[in-house]
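Here are the chains, one letter per residue:
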Amino acid sequence: MRAAPPPSGGRRPLPRRPLLGVALAGAAAACAQAQTAEPRGNPALNPPPGLWQIARERGLTFGSAVQANLLNSDPFYAAAYEREAGVLVPEYEAKFAALQPEEGKFEFGGFEAIIRWGQNRARTTRGHALVWHNAMPDWARAAIGESAQRARGVMEAHITRVLGQTRNTIRDWDVVNEAVANPPGSDVPQATGEMRDTPWLRALGPGYVETAFRIARERDPTLRLTLNDYGVEEDTPAATEKRRRLLALVRGLIRARVPLDAVGLQAHLQIDKPFSAPVFAEFVRALRAEGLAVLVTELDLREGSTIAAEYPERDRLVAERTYAFTSTAIEAGVRTFLTWGLIDKYSWTVTDTGVARQGGTHHRGVPLDWEYNRKQMWRALARAFRGERPDPDGWFR
Ligand code: G3I
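What counts as what
Residues numbered from 1 in each chain as written. Predicted model: local features only at pLDDT ≥ 70, side-chain atom pairs only at ≥ 80, totals over all residues. Heavy atoms only, no water. Helix = DSSP H or I, 4+ residues; strand = E, 2+ residues; numbered from the N terminus. Buried < 20%, exposed > 50% of the residue type's maximum accessible area, 1.4 Å probe, protein only. Areas by Shrake-Rupley, 256 points an atom, 1.4 Å probe, with all protein chains shown as cover. Phe/Tyr/Trp six-rings, centres within 6.5 Å; stacked < 30°, edge-to-face > 60°. Lys NZ or Arg CZ within 6 Å of the ring centre and 35° of its normal. Near = heavy atom within 4 Å. Polar contact = N/O pair within 3.5 Å; in protein donor to acceptor, adjacent residues only side chain to side chain. Nonpolar A, V, L, I, M, F, W, Y, C, P; charged D, E, K, R; others polar. Contact = heavy atoms within 4.5 Å.

Novice: Would you mind going over the overall build of the protein chain in detail, with residue names and values included?
Specialist: Along the protein chain, the regular secondary structure elements total 15 helices and nine strands. A burial count over the protein chain gives 59% of its 397 residues as buried. Here the protein chain displays about 15800 Å² of accessible surface, and carbon together with sulfur accounts for 53% of that area.

Novice: So what's going on with the packing of aromatic side chains? Which residues, and what values?
Specialist: In the structure shown here, the tally under the stated rule is 13 aromatic pairs. Ring centres of Tyr 77 and Tyr 346 lie 5.4 Å apart, and the angle between their planes is 85°; on these two criteria the pair is classed as edge-to-face. Of this pair, Tyr 77 sits in helix H4 (residues 75-84) while Tyr 346 sits in the loop between strand S9 (336-339) and helix H14 (348-351), and the two are 269 residues apart along the sequence. Pairwise contacts between aromatic rings join Phe 76, Tyr 77, Tyr 81, Tyr 346 and Tyr 372 into one cluster. The positively charged end of Arg 123 is found above the aromatic ring belonging to Trp 52, 4.1 Å away from the centroid.

Novice: Give a description of the site of the ligand that names residues and reports values.
Specialist: Lining the immediate surroundings of the ligand are 13 residues, of which Glu 91, Lys 95, His 128, Glu 298 and Trp 340 lie closest. Within the contact set of the ligand, an oxygen atom lies 2.6 Å away from a side-chain nitrogen or oxygen of Lys 95. Here an oxygen atom of the ligand and a side-chain polar atom of His 128 are 2.7 Å apart. Within the complex, the protein chains bury 53% of what would otherwise be the 790 Å² of accessible surface of the ligand. The class makeup of the residues in the shell around the ligand is five nonpolar, four polar and four charged.

Novice: I'd love a proper account of the environment of Gln 165, names of residues and values included.
Specialist: Turning to its location among the elements, Gln 165 is positioned in helix H8 (residues 148-165). Between the alpha carbons of Gln 165 and Phe 106 there is a distance of 9.9 Å; along the sequence they are 59 residues apart. Setting aside anything within four residues of it in sequence, one finds Gln 165 in contact with Phe 108 and Glu 112. A polar atom in the side chain of Gln 165 sits 2.7 Å from the side chain of Glu 112.

Novice: I'd love a proper account of the side chain of Thr 236, names of residues and values included.
Specialist: Position of Thr 236 among the secondary structure elements: in the loop between strand S5 (224-229) and helix H11 (237-255). If near-sequence neighbours (up to four positions away) are discounted, Thr 236 is found in contact with Arg 243, Lys 273 and Pro 274.

Rendered as structure tokens:
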């Protein structure tokens, strides 16, 4: 039984210079009172410009992961994407299992529905992800395990067909996703060397990454080809080691003249982990020094269960980290920012029990609240895109 939708926090006139105790008491009272949430996606609370237009004013790109079925079934969801997202990325519809559920049987319906929805609104769509260890159909896992030759054939056939089908609509792909193993100390460590233990690695060795990029470049020389990964954004020993591993992989690919154009940093941030702007900026600059673009591809925030505060203090903490991360990334040269969803209630951080917040509350880690209305995280992104500072008391009004 899902907890009652939380009230939309963070938009009413916020307490100035709140002492935490006063804020908590005020927020608790607000929380108790505000059982009647604002109208969904209230236009008065979500006026133009949207985040994509604010980003574009400064030469930046903003977009978000999207679900085809919700674009069709939920008008408030579609309106929110129309307002806020300049780039779309299918949350599931462009993955191996969705596109080729049976060998040789391709299904592009969901992917092309997203592409068309975007085209009708002059929005672009990026592809995610050609080669990954997750969202793989059973037939592919079995085939890849048969032999290196079979695995290469499966990879080549998938990339060839998908890039051929989307040649005129998709110009930007996550070619390989999550190739680096999580070091000790990570949330989910993999004690299998520096490369993640996947069916592709077992079948083809570490060279599978190079193979995927070379096939993609051969099939379409004009694509932007991205290597995407996560767990490299925060100031922890595990993230430090994963940054080292990812940078080593990237430098090896560059030295081997592998056609790599960009690195995607997923940025599934966790507030209860430290963030160091200088450390993260140095990492982005090191990647850019290899001649690569750096994209933030899946930004969202998890609050952990340690943060007991209620709205809008929780929203302030999410906004504070969003602002620190985004402004640091912009300053280091990142120009593309994609969140992994726009509306809290549809976020994987709420629906995936592996990462959901405990205790009956939900993470509020994407720009719009349960009622599709902007909250402090939205305003933190807007201020970072505009190069504006937070309010002196750290709130994003
Ligand atoms: O399994 C059904 C499938 O049969 C059906 O055809 C399809 C129709 O949409 O739905 C499938 O259900 C689920 C799917 O999401 C669509 O909702 C899958 O069971 C479920 O595993 C899948 O989860 C997605 C997950 O990636 C695995 O692909 C999440 O929504 C998505 O948020 C998550 O996104 C990943 C990124 O790709 C990579 N970075 C981490 C991020 C979060 O895990």
